[in-house]
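# Structural overview for review
Spelled out from the first residue to the last, the chains are:
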Amino acid sequence: FITEGSSVNAYFGDDVGISRNGNTIIVGAKYERLRANGTDGGTGIKGTANIFTRSGTTWSHEQRLVSSNYSSTTDQFGYAVAISGDGTLAAIGAPFRTRTSDSRQVGGIEVWKKRNGSWEYGCYINPSIDPMVTTEENQEHGYSVDIDAIGERIIVGAPKKNWNPNPAKADCGA
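Residues numbered from 1 in each chain as written. Predicted model: local features only at pLDDT ≥ 70, side-chain atom pairs only at ≥ 80, totals over all residues. Heavy atoms only, no water.

Within the chain, the regular secondary structure consists of zero helices and 14 strands. Its helices and strands taken in sequence order, the chain reads β-β-β-β-β-β-β-β-β-β-β-β-β-β from the N to the C terminus. With 174 residues in all, the chain has 45% of them scored as buried. Contacts in the chain between residues at least 24 apart in sequence constitute 47% of all its contacts with a sequence separation of at least 6. Summed over all atoms, the accessible surface of the chain reaches about 8800 Å², with 49% contributed by carbon and sulfur. (Helix = DSSP H or I, 4+ residues; strand = E, 2+ residues; numbered from the N terminus. Buried < 20%, exposed > 50% of the residue type's maximum accessible area, 1.4 Å probe, protein only. Contact = heavy atoms within 4.5 Å. Areas by Shrake-Rupley, 256 points an atom, 1.4 Å probe, with all protein chains shown as cover.)

Below you can see the structure in the form of structure tokens.
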């Protein structure tokens, strides 16, 4: 599988997911270089996710998912990808995204839904702020992601989430 316009060293395929029937796949390209407006080129490592579908024995590139919520040049959208069992819901991790409310790099995921034959942005999920923890940066929320078979639940990994205010137990993960 390849996509037109993909950057050299985009890490296309570093993470992948497949629907239950095997007819839809999602492919992350976490180092895809895009301009601020989401077009090919540029110097920012924004990242993309690509959807491919199968009809019979032929695979086609259905759509390139490009985030409109980029916060920095190193979001790495597409670092982790998952697709629901029926192939209509996708979750895409961006573990190095900066939260706009407080400019902390905490990561997050985007959820996309296929409606009327096209993939549409659904929502952005970022980690909540824990009042017990003073250091919320570098959580890498979105480092891993998965969706249950029927598309009702999404699980998100954050390997550097600090759950304990004791610095000796920092980066215990979530």
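This paragraph deals with unusual backbone geometry. The phi angle at Q76 is positive, at roughly 60°, despite the residue not being glycine. By secondary structure assignment, the location of Q76 is in the loop between β6 (58-65) and β7 (80-83). Since its relative accessible area comes to 11%, Q76 is described here as buried.

Strands pair in a sheet through their backbones, by hydrogen bonds, and they do so in one of two ways: parallel or antiparallel. One open sheet holds the four strands; their spatial order is β1-β2-β5-β6, and the pairing between them is antiparallel. Each edge of the open sheet is held by one strand with a lone partner, namely β1 (12-18) and β6. Looking at each pair of strands side by side, their axes are set apart by 25° on average, direction ignored. In terms of strand pairing, strand β2 (residues 24-29) meets strand β5 (residues 48-55) through six bridges, oriented antiparallel. Counted as the bridge partner of A29 is T48 from β5. (Pairing = 2+ DSSP bridges. Axes fitted to C-alpha atoms, helices over the stretch in contact; angles between N-to-C directions.)

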